[in-house]
Amino acid sequence: MNRKTLFLFVLLLISALSGASRASTTQNQWLVTVQTKSAPSIFNYQGATLTPVTEAQVSFASANSDATPTVYENFWGASGKPLALQRYEPLSIPPGDGIAFKIVNGSDQPFFSETQLAVDAVLRIMLDAQLNANPVLYVSVPSTTFSDVVSALSQQNFIVKDTTLETPLQSAALVIYVVDYSGQMKSTLYYPQ
Amino acid sequence: MVTSWFVGIVLLFCLTVGTLVFVQYHLQNTLDNIALSGACQLNSKGQIGQMNNMVGRCRQLVYSSRQTETSIAQQKPILTKLASQLLDEVRTSATDLEKERANLVISSSKAAEQAINTQFDKTCAQQTLVLPWLKMSKPVLVATQFGSVNDVDSNVAVLDGIPALLTNDQGQHIIHTQPSLYDANINAKLPAPDEDLSFNLSSLPAYTNNITPPARLLLPAPFVVGGQNNQLSSAVQITAQIKLSTVLGPGAAATLNLVSTATTFGGGPVQ
(Lines give C-alpha, C1' and ligand atoms only; values in the text may rest on other atoms or scores of the structure.)
Protein backbone atom coordinates (compact mmCIF):
# COMPACT_ATOMS: atom_id res chain seq x y z
CA MET A 1 0.00 0.00 0.00
CA ASN A 2 2.77 2.35 0.94
CA ARG A 3 4.69 1.44 -2.21
CA LYS A 4 1.58 2.09 -4.32
CA THR A 5 1.10 5.50 -2.69
CA LEU A 6 4.74 6.34 -3.20
CA PHE A 7 4.57 5.24 -6.85
CA LEU A 8 1.48 7.36 -7.40
CA PHE A 9 3.15 10.33 -5.73
CA VAL A 10 6.25 9.97 -7.92
CA LEU A 11 4.06 9.72 -11.02
CA LEU A 12 2.16 12.84 -10.05
CA LEU A 13 5.41 14.67 -9.33
CA ILE A 14 6.90 13.72 -12.71
CA SER A 15 3.70 14.72 -14.44
CA ALA A 16 3.62 18.07 -12.64
CA LEU A 17 7.29 18.73 -13.39
CA SER A 18 6.93 17.88 -17.06
CA GLY A 19 3.85 20.10 -17.25
CA ALA A 20 5.73 22.96 -15.65
CA SER A 21 8.60 22.39 -18.02
CA ARG A 22 6.22 22.47 -21.02
CA ALA A 23 4.65 25.63 -19.68
CA SER A 24 8.00 27.30 -19.28
CA THR A 25 8.93 26.49 -22.87
CA THR A 26 5.72 27.85 -24.32
CA GLN A 27 4.93 30.77 -22.03
CA ASN A 28 6.64 34.08 -21.47
CA GLN A 29 9.78 33.15 -23.28
CA TRP A 30 10.39 36.54 -24.82
CA LEU A 31 9.92 39.99 -23.39
CA VAL A 32 9.33 42.81 -25.85
CA THR A 33 9.92 46.16 -24.17
CA VAL A 34 8.46 49.38 -25.56
CA GLN A 35 10.28 52.32 -23.98
CA THR A 36 8.76 55.72 -24.64
CA LYS A 37 10.13 59.22 -24.26
CA SER A 38 9.31 62.67 -25.51
CA ALA A 39 11.52 64.19 -28.18
CA PRO A 40 10.98 67.94 -27.72
CA SER A 41 13.91 68.97 -29.90
CA ILE A 42 12.33 67.49 -33.03
CA PHE A 43 10.19 69.91 -35.04
CA ASN A 44 10.48 72.69 -32.46
CA TYR A 45 10.59 75.44 -35.08
CA GLN A 46 8.03 78.21 -35.13
CA GLY A 47 4.78 77.21 -36.80
CA ALA A 48 5.35 73.46 -36.55
CA THR A 49 2.08 71.55 -36.34
CA LEU A 50 3.32 67.98 -35.85
CA THR A 51 4.27 68.46 -32.22
CA PRO A 52 5.06 67.28 -29.63
CA VAL A 53 7.07 64.44 -31.11
CA THR A 54 7.40 61.28 -29.05
CA GLU A 55 9.63 58.29 -29.52
CA ALA A 56 9.20 54.61 -28.70
CA GLN A 57 12.11 52.20 -28.80
CA VAL A 58 11.25 48.53 -29.12
CA SER A 59 13.69 45.88 -27.92
CA PHE A 60 13.34 42.17 -27.27
CA ALA A 61 15.13 39.64 -25.13
CA SER A 62 14.65 36.10 -23.95
CA ALA A 63 12.84 36.13 -20.62
CA ASN A 64 14.73 33.03 -19.53
CA SER A 65 18.20 34.53 -19.69
CA ASP A 66 20.10 37.66 -18.80
CA ALA A 67 20.87 38.36 -22.44
CA THR A 68 21.18 42.00 -23.44
CA PRO A 69 17.99 43.14 -25.20
CA THR A 70 18.24 43.55 -28.96
CA VAL A 71 16.96 46.86 -30.28
CA TYR A 72 14.37 45.92 -32.90
CA GLU A 73 12.99 49.24 -34.08
CA ASN A 74 12.25 52.85 -33.21
CA PHE A 75 8.96 54.62 -33.74
CA TRP A 76 8.37 58.36 -33.79
CA GLY A 77 4.93 59.84 -33.51
CA ALA A 78 3.09 63.13 -33.17
CA SER A 79 -0.36 63.86 -31.79
CA GLY A 80 -0.74 60.20 -30.92
CA LYS A 81 -0.21 58.98 -34.50
CA PRO A 82 2.87 57.11 -35.69
CA LEU A 83 4.99 59.14 -38.09
CA ALA A 84 8.15 57.20 -38.70
CA LEU A 85 9.90 53.90 -38.20
CA GLN A 86 13.49 52.77 -38.24
CA ARG A 87 14.00 49.03 -38.10
CA TYR A 88 17.41 47.77 -37.08
CA GLU A 89 17.10 44.00 -36.88
CA PRO A 90 14.64 41.27 -37.84
CA LEU A 91 12.37 40.13 -35.00
CA SER A 92 14.22 36.86 -34.54
CA ILE A 93 11.85 35.10 -32.16
CA PRO A 94 11.35 31.43 -33.04
CA PRO A 95 7.83 30.47 -34.19
CA GLY A 96 5.69 29.17 -31.38
CA ASP A 97 7.46 31.03 -28.57
CA GLY A 98 5.32 33.19 -26.35
CA ILE A 99 5.73 36.96 -26.17
CA ALA A 100 4.98 39.31 -23.31
CA PHE A 101 5.00 43.07 -23.78
CA LYS A 102 6.18 45.60 -21.29
CA ILE A 103 5.54 49.32 -21.73
CA VAL A 104 8.03 51.58 -19.96
CA ASN A 105 7.56 55.34 -19.86
CA GLY A 106 10.39 57.84 -19.79
CA SER A 107 8.70 59.86 -17.05
CA ASP A 108 6.15 59.25 -14.28
CA GLN A 109 3.56 61.46 -15.94
CA PRO A 110 3.97 60.85 -19.66
CA PHE A 111 1.91 62.63 -22.30
CA PHE A 112 -1.09 60.60 -23.49
CA SER A 113 0.48 60.73 -26.96
CA GLU A 114 3.42 58.69 -25.60
CA THR A 115 1.03 55.97 -24.47
CA GLN A 116 -0.82 56.12 -27.79
CA LEU A 117 2.45 55.61 -29.64
CA ALA A 118 3.44 52.72 -27.37
CA VAL A 119 0.06 51.03 -27.92
CA ASP A 120 0.38 51.54 -31.66
CA ALA A 121 3.82 49.92 -31.59
CA VAL A 122 2.50 46.99 -29.56
CA LEU A 123 -0.33 46.40 -32.05
CA ARG A 124 2.05 46.43 -35.01
CA ILE A 125 4.38 43.95 -33.37
CA MET A 126 1.40 41.81 -32.36
CA LEU A 127 0.52 41.43 -36.02
CA ASP A 128 4.11 40.39 -36.76
CA ALA A 129 3.81 37.93 -33.87
CA GLN A 130 0.59 36.51 -35.32
CA LEU A 131 2.35 35.94 -38.64
CA ASN A 132 5.16 34.16 -36.82
CA ALA A 133 2.76 32.04 -34.71
CA ASN A 134 3.91 33.65 -31.46
CA PRO A 135 1.14 33.72 -28.84
CA VAL A 136 0.94 37.04 -27.01
CA LEU A 137 0.60 36.42 -23.30
CA TYR A 138 -0.05 39.84 -21.80
CA VAL A 139 0.84 43.50 -21.96
CA SER A 140 2.37 44.80 -18.75
CA VAL A 141 1.99 48.54 -18.18
CA PRO A 142 2.83 51.05 -15.45
CA SER A 143 0.02 51.50 -12.90
CA THR A 144 -0.03 55.25 -13.59
CA THR A 145 -0.85 54.77 -17.26
CA PHE A 146 -3.03 51.66 -17.05
CA SER A 147 -6.23 53.55 -17.85
CA ASP A 148 -4.45 55.49 -20.63
CA VAL A 149 -3.40 52.22 -22.24
CA VAL A 150 -6.97 50.92 -22.12
CA SER A 151 -8.21 54.23 -23.59
CA ALA A 152 -5.59 54.13 -26.35
CA LEU A 153 -6.63 50.56 -27.23
CA SER A 154 -10.28 51.64 -27.26
CA GLN A 155 -9.35 54.40 -29.70
CA GLN A 156 -7.94 51.65 -31.92
CA ASN A 157 -11.41 50.00 -31.87
CA PHE A 158 -10.63 47.44 -29.18
CA ILE A 159 -13.54 46.63 -26.87
CA VAL A 160 -13.15 46.12 -23.14
CA LYS A 161 -14.53 42.73 -22.15
CA ASP A 162 -17.27 43.12 -19.58
CA THR A 163 -16.12 41.21 -16.50
CA THR A 164 -19.62 40.98 -15.05
CA LEU A 165 -20.95 39.12 -18.06
CA GLU A 166 -19.71 35.95 -19.64
CA THR A 167 -18.90 37.68 -22.92
CA PRO A 168 -17.92 35.06 -25.46
CA LEU A 169 -14.59 35.83 -27.14
CA GLN A 170 -14.99 33.36 -29.99
CA SER A 171 -15.95 36.25 -32.27
CA ALA A 172 -12.82 38.24 -31.40
CA ALA A 173 -10.10 38.61 -34.01
CA LEU A 174 -7.49 39.44 -31.38
CA VAL A 175 -7.54 39.41 -27.58
CA ILE A 176 -5.21 41.50 -25.42
CA TYR A 177 -4.76 40.99 -21.73
CA VAL A 178 -3.52 44.19 -20.06
CA VAL A 179 -2.14 44.08 -16.55
CA ASP A 180 -0.32 46.69 -14.49
CA TYR A 181 3.12 46.07 -12.97
CA SER A 182 1.65 45.27 -9.55
CA GLY A 183 -0.85 42.81 -11.02
CA GLN A 184 -3.77 44.52 -9.30
CA MET A 185 -5.31 46.21 -12.33
CA LYS A 186 -6.30 43.91 -15.17
CA SER A 187 -8.38 44.26 -18.26
CA THR A 188 -9.15 42.08 -21.25
CA LEU A 189 -9.79 43.79 -24.56
CA TYR A 190 -10.69 42.30 -27.88
CA TYR A 191 -10.75 43.41 -31.49
CA PRO A 192 -14.02 42.37 -33.11
CA GLN A 193 -14.06 40.45 -36.35
CA MET B 1 54.33 121.18 -66.33
CA VAL B 2 52.98 118.33 -68.51
CA THR B 3 54.79 115.84 -66.31
CA SER B 4 53.15 117.28 -63.18
CA TRP B 5 49.72 117.00 -64.78
CA PHE B 6 50.46 113.46 -65.85
CA VAL B 7 51.62 112.47 -62.36
CA GLY B 8 48.53 114.09 -60.90
CA ILE B 9 46.22 112.16 -63.21
CA VAL B 10 48.01 108.89 -62.46
CA LEU B 11 47.73 109.56 -58.72
CA LEU B 12 44.04 110.36 -59.09
CA PHE B 13 43.49 107.18 -61.07
CA CYS B 14 45.34 105.08 -58.48
CA LEU B 15 43.36 106.72 -55.66
CA THR B 16 40.10 106.00 -57.47
CA VAL B 17 40.93 102.37 -58.20
CA GLY B 18 42.22 101.85 -54.66
CA THR B 19 39.09 103.33 -53.16
CA LEU B 20 36.88 101.21 -55.38
CA VAL B 21 38.78 98.03 -54.53
CA PHE B 22 38.50 98.84 -50.83
CA VAL B 23 34.78 99.60 -51.09
CA GLN B 24 34.15 96.45 -53.11
CA TYR B 25 36.09 94.33 -50.62
CA HIS B 26 34.21 95.85 -47.71
CA LEU B 27 30.82 95.41 -49.36
CA GLN B 28 31.60 91.84 -50.44
CA ASN B 29 32.58 91.02 -46.88
CA THR B 30 29.34 92.48 -45.53
CA LEU B 31 27.32 90.67 -48.19
CA ASP B 32 29.02 87.37 -47.31
CA ASN B 33 28.01 87.80 -43.68
CA ILE B 34 24.44 88.50 -44.74
CA ALA B 35 24.32 85.42 -47.01
CA LEU B 36 25.77 83.28 -44.25
CA SER B 37 23.24 84.42 -41.68
CA GLY B 38 20.43 83.90 -44.20
CA ALA B 39 21.66 80.39 -44.88
CA CYS B 40 21.80 79.64 -41.14
CA GLN B 41 18.24 80.89 -40.78
CA LEU B 42 17.08 78.26 -43.31
CA ASN B 43 18.01 75.52 -40.85
CA SER B 44 17.92 77.47 -37.61
CA LYS B 45 16.52 74.60 -35.51
CA GLY B 46 17.96 71.77 -37.57
CA GLN B 47 14.55 71.38 -39.19
CA ILE B 48 15.76 70.44 -42.69
CA GLY B 49 17.74 67.46 -41.41
CA GLN B 50 14.95 66.42 -39.05
CA MET B 51 12.36 66.63 -41.81
CA ASN B 52 14.52 64.57 -44.19
CA ASN B 53 15.08 61.94 -41.52
CA MET B 54 11.38 61.77 -40.69
CA VAL B 55 10.40 61.52 -44.35
CA GLY B 56 12.86 58.65 -44.90
CA ARG B 57 11.55 56.83 -41.86
CA CYS B 58 7.89 57.55 -42.63
CA ARG B 59 8.53 55.85 -45.95
CA GLN B 60 9.83 52.82 -44.09
CA LEU B 61 6.77 52.82 -41.84
CA VAL B 62 4.37 52.83 -44.79
CA TYR B 63 6.34 50.10 -46.56
CA SER B 64 6.44 47.94 -43.44
CA SER B 65 2.72 48.42 -42.78
CA ARG B 66 1.90 47.48 -46.37
CA GLN B 67 4.05 44.35 -46.09
CA THR B 68 2.26 43.34 -42.89
CA GLU B 69 -1.18 44.05 -44.32
CA THR B 70 -0.46 41.93 -47.41
CA SER B 71 0.88 39.02 -45.35
CA ILE B 72 -2.01 39.20 -42.89
CA ALA B 73 -4.56 39.15 -45.72
CA GLN B 74 -2.96 35.96 -47.02
CA GLN B 75 -2.15 34.14 -43.79
CA LYS B 76 -4.48 35.54 -41.09
CA PRO B 77 -7.48 37.03 -42.89
CA ILE B 78 -9.33 37.37 -39.59
CA LEU B 79 -6.94 40.24 -38.74
CA THR B 80 -7.16 42.03 -42.08
CA LYS B 81 -9.42 44.75 -40.69
CA LEU B 82 -6.89 45.66 -37.98
CA ALA B 83 -3.93 45.52 -40.38
CA SER B 84 -5.78 47.76 -42.87
CA GLN B 85 -6.67 50.18 -40.09
CA LEU B 86 -3.00 50.47 -39.08
CA LEU B 87 -1.97 50.90 -42.71
CA ASP B 88 -4.54 53.65 -43.29
CA GLU B 89 -3.27 55.38 -40.18
CA VAL B 90 0.30 55.62 -41.47
CA ARG B 91 -0.78 56.60 -44.97
CA THR B 92 -2.62 59.53 -43.37
CA SER B 93 0.52 60.33 -41.37
CA ALA B 94 2.56 60.35 -44.58
CA THR B 95 0.14 62.86 -46.10
CA ASP B 96 0.26 65.02 -42.95
CA LEU B 97 4.06 64.94 -42.96
CA GLU B 98 4.18 66.01 -46.61
CA LYS B 99 1.85 68.94 -45.79
CA GLU B 100 4.11 69.92 -42.90
CA ARG B 101 7.14 69.71 -45.19
CA ALA B 102 5.45 71.87 -47.85
CA ASN B 103 4.64 74.48 -45.18
CA LEU B 104 8.25 74.36 -44.02
CA VAL B 105 9.49 75.01 -47.57
CA ILE B 106 7.58 78.29 -47.57
CA SER B 107 8.15 79.33 -43.95
CA SER B 108 11.89 78.64 -43.84
CA SER B 109 12.56 80.57 -47.07
CA LYS B 110 10.36 83.41 -45.87
CA ALA B 111 12.18 83.63 -42.53
CA ALA B 112 15.58 83.54 -44.26
CA GLU B 113 14.57 86.22 -46.76
CA GLN B 114 13.32 88.42 -43.95
CA ALA B 115 16.59 87.98 -42.05
CA ILE B 116 18.58 88.83 -45.18
CA ASN B 117 16.55 91.96 -45.93
CA THR B 118 16.73 93.19 -42.34
CA GLN B 119 20.47 92.71 -42.11
CA PHE B 120 21.06 94.22 -45.54
CA ASP B 121 19.10 97.34 -44.57
CA LYS B 122 21.11 97.60 -41.36
CA THR B 123 24.58 97.10 -42.72
CA CYS B 124 24.72 97.65 -46.47
CA ALA B 125 21.97 99.94 -47.57
CA GLN B 126 23.42 103.10 -45.97
CA GLN B 127 26.87 102.72 -47.46
CA THR B 128 27.70 105.20 -50.16
CA LEU B 129 30.72 106.95 -51.54
CA VAL B 130 30.99 110.38 -53.06
CA LEU B 131 34.32 111.70 -54.33
CA PRO B 132 34.64 115.02 -56.16
CA TRP B 133 35.06 113.11 -59.41
CA LEU B 134 33.14 109.86 -58.72
CA LYS B 135 29.80 108.92 -57.20
CA MET B 136 28.76 105.50 -55.95
CA SER B 137 25.07 104.85 -55.31
CA LYS B 138 23.74 102.99 -52.27
CA PRO B 139 23.90 99.20 -52.75
CA VAL B 140 20.61 97.62 -53.73
CA LEU B 141 19.72 94.00 -53.08
CA VAL B 142 18.52 92.90 -56.50
CA ALA B 143 18.07 89.15 -56.06
CA THR B 144 17.72 86.57 -53.31
CA GLN B 145 17.62 83.00 -54.54
CA PHE B 146 17.22 79.82 -52.56
CA GLY B 147 18.38 76.40 -53.64
CA SER B 148 20.96 73.78 -52.89
CA VAL B 149 24.55 72.84 -53.64
CA ASN B 150 25.24 70.66 -56.64
CA ASP B 151 26.16 67.02 -55.89
CA VAL B 152 25.27 67.18 -52.20
CA ASP B 153 23.07 64.22 -51.23
CA SER B 154 20.38 64.25 -48.59
CA ASN B 155 21.50 63.75 -45.00
CA VAL B 156 19.45 60.54 -44.66
CA ALA B 157 21.63 57.51 -44.07
CA VAL B 158 20.43 54.45 -45.96
CA LEU B 159 17.93 52.48 -43.89
CA ASP B 160 18.73 48.81 -44.29
CA GLY B 161 16.44 47.25 -41.67
CA ILE B 162 13.90 46.07 -44.26
CA PRO B 163 15.86 44.12 -46.91
CA ALA B 164 13.05 44.21 -49.50
CA LEU B 165 12.89 48.02 -49.33
CA LEU B 166 16.66 48.26 -49.60
CA THR B 167 16.60 46.09 -52.73
CA ASN B 168 13.81 48.25 -54.16
CA ASP B 169 15.80 51.45 -53.50
CA GLN B 170 18.95 50.00 -55.03
CA GLY B 171 16.92 49.06 -58.09
CA GLN B 172 15.54 52.60 -58.32
CA HIS B 173 19.08 54.02 -58.03
CA ILE B 174 18.10 56.45 -55.30
CA ILE B 175 20.95 55.61 -52.93
CA HIS B 176 24.66 56.16 -53.00
CA THR B 177 27.05 53.70 -51.47
CA GLN B 178 30.01 55.99 -50.71
CA PRO B 179 28.82 57.44 -48.39
CA SER B 180 25.66 55.45 -47.84
CA LEU B 181 23.03 58.16 -48.29
CA TYR B 182 19.77 58.74 -50.12
CA ASP B 183 19.89 61.00 -53.16
CA ALA B 184 18.78 64.60 -52.81
CA ASN B 185 15.97 66.57 -54.38
CA ILE B 186 14.00 63.46 -55.26
CA ASN B 187 10.54 62.18 -54.54
CA ALA B 188 11.38 58.66 -53.32
CA LYS B 189 8.08 57.08 -54.20
CA LEU B 190 7.18 53.63 -52.94
CA PRO B 191 6.03 50.84 -55.26
CA ALA B 192 2.31 50.48 -56.05
CA PRO B 193 -0.19 50.73 -54.46
CA ASP B 194 1.53 53.40 -52.34
CA GLU B 195 2.97 55.33 -55.28
CA ASP B 196 0.42 58.07 -54.67
CA LEU B 197 2.31 59.22 -51.56
CA SER B 198 5.18 61.71 -51.73
CA PHE B 199 8.46 61.25 -49.87
CA ASN B 200 10.60 64.24 -50.79
CA LEU B 201 14.21 64.23 -49.69
CA SER B 202 16.15 67.49 -49.90
CA SER B 203 19.84 68.20 -50.21
CA LEU B 204 21.77 68.75 -46.98
CA PRO B 205 25.32 67.89 -45.91
CA ALA B 206 25.13 64.73 -43.79
CA TYR B 207 26.12 64.24 -40.19
CA THR B 208 29.30 62.18 -40.34
CA ASN B 209 31.88 61.10 -37.77
CA ASN B 210 29.81 62.79 -35.05
CA ILE B 211 30.24 66.14 -36.75
CA THR B 212 27.58 68.45 -38.12
CA PRO B 213 29.08 70.20 -41.16
CA PRO B 214 29.24 73.96 -40.49
CA ALA B 215 27.60 76.69 -42.55
CA ARG B 216 30.03 78.10 -45.10
CA LEU B 217 30.50 80.39 -48.04
CA LEU B 218 30.65 78.96 -51.54
CA LEU B 219 31.74 80.00 -54.97
CA PRO B 220 28.66 80.81 -57.09
CA ALA B 221 29.19 77.92 -59.54
CA PRO B 222 27.92 74.92 -57.51
CA PHE B 223 24.75 76.74 -56.47
CA VAL B 224 21.60 75.23 -57.96
CA VAL B 225 18.51 77.39 -57.92
CA GLY B 226 15.67 75.67 -56.06
CA GLY B 227 12.01 75.61 -56.79
CA GLN B 228 11.99 72.24 -58.52
CA ASN B 229 9.88 69.56 -56.84
CA ASN B 230 9.09 71.93 -54.01
CA GLN B 231 12.22 70.93 -52.10
CA LEU B 232 13.59 72.48 -48.92
CA SER B 233 16.40 74.92 -49.63
CA SER B 234 19.79 74.54 -47.99
CA ALA B 235 21.70 77.32 -49.74
CA VAL B 236 21.16 80.96 -50.60
CA GLN B 237 22.60 83.30 -53.20
CA ILE B 238 22.22 87.06 -52.94
CA THR B 239 23.11 89.67 -55.51
CA ALA B 240 23.64 93.34 -54.75
CA GLN B 241 24.15 96.10 -57.26
CA ILE B 242 26.02 99.41 -57.05
CA LYS B 243 25.87 102.10 -59.69
CA LEU B 244 29.02 104.12 -60.34
CA SER B 245 29.07 107.39 -62.24
CA THR B 246 31.56 110.17 -62.86
CA VAL B 247 30.90 113.64 -61.47
CA LEU B 248 33.59 115.59 -63.29
CA GLY B 249 34.54 115.47 -66.93
CA PRO B 250 32.84 113.30 -69.53
CA GLY B 251 29.84 111.40 -68.15
CA ALA B 252 30.36 107.69 -67.69
CA ALA B 253 28.45 105.10 -65.70
CA ALA B 254 28.93 101.48 -64.76
CA THR B 255 27.16 98.88 -62.64
CA LEU B 256 28.99 96.73 -60.16
CA ASN B 257 27.40 93.37 -59.27
CA LEU B 258 28.33 91.63 -56.05
CA VAL B 259 27.29 88.02 -55.53
CA SER B 260 27.52 85.97 -52.37
CA THR B 261 26.56 82.31 -51.91
CA ALA B 262 26.34 80.36 -48.68
CA THR B 263 25.11 76.97 -47.53
CA THR B 264 23.50 76.20 -44.21
CA PHE B 265 24.94 73.82 -41.63
CA GLY B 266 24.35 70.11 -42.12
CA GLY B 267 22.14 67.55 -40.50
CA GLY B 268 22.41 66.56 -36.87
CA PRO B 269 22.20 63.11 -35.30
CA VAL B 270 18.90 61.23 -35.42
CA GLN B 271 17.36 61.78 -32.00
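A short tour of the structure in this document, coming up. (Residues numbered from 1 in each chain as written. Chains lettered and ligands numbered in written order. Predicted model: local features only at pLDDT ≥ 70, side-chain atom pairs only at ≥ 80, totals over all residues.)

## A short note on the interface of chain B and chain A
Rule in force here: Remark: residues whose backbone-derived C-beta atoms lie within 7 Å of one another are considered to be in contact. Strands are runs of DSSP state E lasting at least two residues, helices are runs of H or I lasting at least four, and both sets are numbered from the N terminus onward. Gly counts as polar in this scheme, as do all residues outside two lists: the nonpolar Ala, Val, Leu, Ile, Met, Phe, Trp, Tyr, Cys and Pro, and the charged Asp, Glu, Lys and Arg.
Residue-level contacts link 34 residues of chain B with 30 residues of chain A. Elements supplying a minimum of two residues to the side of chain B that touches chain A: helix H2 (47–75) and helix H3 (80–123) of chain B. A per-element tally of the side of chain B that touches chain A places H3(B) first, with 13 residues. In terms of residue class, the side of chain B that touches chain A is made up of 13 nonpolar, 14 polar and seven charged.

## Brief notes about the pairing of strand S9 (residues 186–192) of chain A
Residue and element names in this part refer to chain A. Stated formally: Comment: burial labels come from other C-beta atoms within 10 Å of the residue's own C-beta, placed from the backbone, where a count of 20 or more is buried, 12 or fewer is exposed, and between is partly exposed. By this definition, two strands are paired if DSSP reports at least two bridges between them.
Burial along S9 is one-sided: the face carrying Ser-187, Leu-189 and Tyr-191 is buried and the face carrying Lys-186, Thr-188, Tyr-190 and Pro-192 is not. As judged from the two bridges shared by strand S7 (residues 159–160) and S9, these two strands associate in the antiparallel manner. Counted as the bridge partner of Val-160 is Leu-189 from S9. Pairing of strand S8 (residues 172–180) with S9 involves seven bridges; the strand directions are antiparallel. Residue Val-179 lies in a different strand from S9, and its bridge partner there is Lys-186. Where S8 hands over to S9, the hairpin turn is made up of five residues, of which Gly-183 adopts a positive phi near 85°.

## Points about the pairing of strand S3 (residues 70–78) of chain A
Residue and element names in this part refer to chain A. Counted residue by residue, S3 has seven buried out of nine residues, so it is predominantly covered. Bridging between strand S2 (residues 53–62) and S3 involves eight bridges; their strand directions are antiparallel. From the neighbouring strand, Glu-55 faces S3, where its bridge partner is Trp-76. As paired strands, S3 and strand S4 (residues 81–87) are joined by six bridges and run antiparallel to one another. Counterpart to Gly-77 in the pairing with S4 is Pro-82.

## Quick look at the nonpolar core
The following threshold applies: The term nonpolar core refers to a group of buried residues, namely Ala, Val, Leu, Ile, Met, Phe, Trp, Tyr and Cys, whose C-beta atoms join them within 7 Å.
Grouped together as the largest cluster of nonpolar side chains are 99 residues, with contacts concentrated most on A:Val34, A:Ala121, A:Val122, A:Val149, B:Cys58 and B:Val236. By residue number, the principal contributor to this core is H3(B), which donates 12 residues. Aside from chain neighbours lying at most four places away, what touches B:Val236 is B:Ala35, B:Gly38, B:Ala39, B:Leu42, B:Ala112, B:Thr144, B:Phe146 and B:Ala262.

## So, the packing of helix H2 (residues 112–131) of chain A against H2(B)
Inclusion rule: Whenever a helix is involved, its axis is fitted only over the stretch in contact; in every case the axis is a line through C-alpha atoms, and angles between N-to-C directions fall within 0 to 180 degrees. Roughly parallel means an angle under 35 degrees; roughly antiparallel means over 145; roughly perpendicular covers 65 to 115; every other angle is labelled oblique. By convention, the crossing between two helices is left-handed when the near helix turns anticlockwise from the far helix through less than a right angle, and right-handed when the turn is clockwise.
Where H2(A) contacts H2(B), the axes come no closer than 10 Å and their chain directions differ by 40°. Viewed along their axes, H2(A) and H2(B) adopt a mutual orientation that is oblique. For the pair H2(A) and H2(B), the sense of crossing is left-handed. Between H2(A), through A:Leu127, A:Asp128 and A:Leu131, and H2(B), the contact on the second element is made entirely by B:Thr68, B:Ser71, B:Ile72 and B:Gln75. The residue inventory of the contact of H2(A) with H2(B), partitioned by class, reads three nonpolar, three polar and one charged.

## Focus: H2(A)
Residue and element names in this part refer to chain A. Going by this rule: Between the first and last residue of a helix there are one fewer steps than residues, each counted as 1.5 Å, and that sum is the expected span.
Taking 1.5 Å of rise per residue, the 20 residues of H2 would be expected to cover 28 Å, and the 29 Å separating its terminal C-alpha atoms lies within 8% of that figure. Buried residues dominate H2, accounting for 18 of its 20 residues. One or two steps after H2, the chain reaches Ala-133, where phi turns positive at roughly 55°.

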